[in-house]
Amino acid sequence: MIQVSHLSKSYGGRPAIRDLSFTVEDGQIYGLLGPNGAGKSTIMNILTGYLAPSAGEVRVAGYLLPEQAQLAKGCVGYLPEQPPLYPEMTVQEYLDFVAELKGVKKSQRREQVLRAARRTGLEQVLPRLIRSLSKGYRQRVGIAQALLGDPKLIILDEPTVGLDPAQVIEIRNLIRELGKAHTVILSSHILSEVQAVCSQVLILSKGRLVAVGAPEELGEKLNPGSRLRATVLGDGKTVLAAVNAVPGICKVELEKEEQGEVTFTAESQDAADRRGQVSRALSGAGCTVLALAAENKSLEEIFLALTEETGGAPETQEHPEEEDDQ
């Protein structure tokens, strides 16, 4: 769906993204993850044809950008962080208007609008003014307009910002459904969101791509050791002493101790599974194991480790006329 080769973009000689190369396969949900100023907005603006790269090659659905930008745009549906809604319009009027702007044939317009409304749960609010809708429903309207024109690729910029927890869950479920019929790129700095809905993650820092892969694969690749989490009955000092004595365990941290229950994590210096050894050590110390499980690093830990390695803070702001990259 997307092929990016040695892509760079500078503003007035200041680099925003540098020498990026990656491929986005059909039919998956990709997370574009990075701290403020990492280059996410610049990448999305290039993929949507709004900006031209300074160097490198970009193809969307086989079309070369910016030379074939108009053809590529017909394959992309885009939801900006601030959806371009007209509050004085009804949902029906707005979607009809966007369908016309996108060049949807008049004979197909009504069907496409109804299908987009049905897929985003807007059928019951089509007659309502957009200004009367909740933030969650306004986001749904923004996603519905991105679906018009039957694009192969959907790009969503911070789609759950400002939503309450119930609305976040609804939008996440909607994104999962979209991923069954479209390739989706989700830009976010909310780690839990990316981990919840994305099958692949691209992590950016200071304009460079620092990691690509499935969240669980990144955890295994970037965590050569292993980690256990356990809850046991016993005294905290006894538990820590017993686990620290297990060969290969290099770090033990007490998370919680109350009413005779102790929860801790233990890290190994390699990838060996030491659950059996830890369980035997605790039993030998008179501690009853209530729960014991192996864990990979969370996406948050991977993200922080990678961005700290590359300096975290951006060397330069993205396009000064754009909003700050989120």
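Residues numbered from 1 in each chain as written. Predicted model: local features only at pLDDT ≥ 70, side-chain atom pairs only at ≥ 80, totals over all residues. Heavy atoms only, no water.

Focus on the pattern of salt bridges
Here comes step 1: What the rule picks out here adds up to 9 salt bridges.
Here comes step 2: The salt bridge partner of Lys180 is Glu177, with a shortest N-O separation of 2.9 Å.
Here comes step 3: Given the relative accessible area of 65%, Lys180 is considered exposed.
Here comes step 4: The partly exposed category is assigned to Glu177, whose relative accessible area is 44%.
Here comes step 5: Note that Glu255 and Arg229 form a salt bridge whose closest N and O atoms lie 2.3 Å from each other. Residue Glu255 is located in strand 12 (residues 249-258), and its partner Arg229 is located in strand 11 (residues 227-233); the two are separated by 26 residues in the primary sequence.
Here comes step 6: On the basis of relative accessible area, Glu255 is assigned to the partly exposed category, the value being 43%.
Here comes step 7: Here the residues in one salt-bridge network are Glu111, Arg115 and Asp150, joined through shared partners. (Salt bridge = Lys/Arg side-chain N within 4 Å of Asp/Glu carboxyl O. Buried < 20%, exposed > 50% of the residue type's maximum accessible area, 1.4 Å probe, protein only. Helix = DSSP H or I, 4+ residues; strand = E, 2+ residues; numbered from the N terminus.)

Observations regarding the nonpolar core
Here comes step 1: Formed by 45 residues in total, the largest nonpolar core has its most connected members in Val91, Tyr94, Leu95, Val141, Leu156, Ile175 and Ile203.
Here comes step 2: With 29 residues, the next largest nonpolar core counts Ile2, Ala38, Leu65 and Ala72 among its residues. (Core = buried A, V, L, I, M, F, W, Y, C linked by side-chain atoms within 4.5 Å.)

Examining the confidence of the model for the protein chain
Here comes step 1: Here the protein chain averages 87 in pLDDT, and 90% of its residues register 70 or above.
Here comes step 2: Element-level mean pLDDT values for the protein chain span from 68 in helix 11 (residues 299-309) up to 96 in helix 3 (residues 91-101).
Here comes step 3: pLDDT under 50 marks residues 312-326. Its contacts with residues more than four places away, or in other chains, come to 48 contacts. (pLDDT = per-residue confidence, 0-100. Contact = heavy atoms within 4.5 Å.)

Quick notes on the packing of aromatic side chains
Given two aromatic rings, one states the distance between the centres and the angle between the planes to describe the pair.
Here comes step 1: For the coordinates displayed, the defined rule picks out 2 aromatic pairs.
Here comes step 2: Centroid distance Tyr86 to Tyr94: 6.2 Å. Interplanar angle 50°. Geometry classified as tilted.
Here comes step 3: According to the relative accessible area criterion, Tyr94 is buried, its value standing at 2%.
Here comes step 4: The interplanar angle of 85° and the centroid separation of 5.9 Å between the aromatic rings of Tyr86 and Phe97 together place this pair among those described as edge-to-face. (Phe/Tyr/Trp six-rings, centres within 6.5 Å; stacked < 30°, edge-to-face > 60°.)

Overview of the sheet that holds strand 6 (residues 76-79)
Here comes step 1: The strand order across the open sheet formed by 6 strands is 6-7-8-3-9-10, and the pairing between neighbours is mixed. At either end of the open sheet lies a strand with only one pairing partner, and these are strand 6 and strand 10 (208-213). On average, each strand axis in the sheet is inclined to that of its neighbour by 15°, with strand direction left out of account.
Here comes step 2: Summarising the sheet, strand 6 and strand 7 (residues 153-157) pair through 4 bridges and their orientation is parallel. Across the sheet, Tyr78 pairs through a bridge with Ile155, a residue of strand 7.
Here comes step 3: Across the face of the sheet, helix 5 (residues 135-147) comes into contact with strand 6 and strand 7 while running at roughly 165° to strand 6.
Here comes step 4: Packed onto the sheet, helix 6 (residues 165-178) meets strand 3 (29-33), strand 7 and strand 8 (183-188) and runs at close to 145° relative to strand 8. (Pairing = 2+ DSSP bridges. Axes fitted to C-alpha atoms, helices over the stretch in contact; angles between N-to-C directions.)

Points about the packing of helix 3 against helix 5
Here comes step 1: Orientation of helix 3 relative to helix 5, taken along the N-to-C sense of each, is 30°, at an axis distance of 9 Å. Here helix 3 lies roughly parallel to helix 5, going by the angle between them. The chirality of how helix 3 crosses helix 5 is right-handed. From helix 3, Val91, Tyr94, Leu95 and Val98 reach across to helix 5, where they touch Val141, Ala144 and Gln145.
Here comes step 2: Classifying every residue of the contact of helix 3 with helix 5 by side-chain character gives 6 nonpolar, 1 polar and no charged. (Parallel < 35°, antiparallel > 145°, perpendicular 65-115°, else oblique. Left-handed = near helix turned anticlockwise from the far one by under 90°. Nonpolar A, V, L, I, M, F, W, Y, C, P; charged D, E, K, R; others polar.)

Points about the sheet that holds strand 12
Here comes step 1: Read across the open sheet, the 4 strands follow the order 12-13-11-14; overall the sheet is antiparallel. Each of the sheet's edge strands pairs with one partner strand only, and the pair in question is strand 12 and strand 14 (288-295). When strand polarity is set aside, the average angle formed by the axes of neighbouring strands in this sheet is 20°.
Here comes step 2: Pairing between strand 12 and strand 13 (residues 261-268): 8 bridges, direction antiparallel. Residue pairing for strand 13: Glu253 is matched across the bridge by Thr265.

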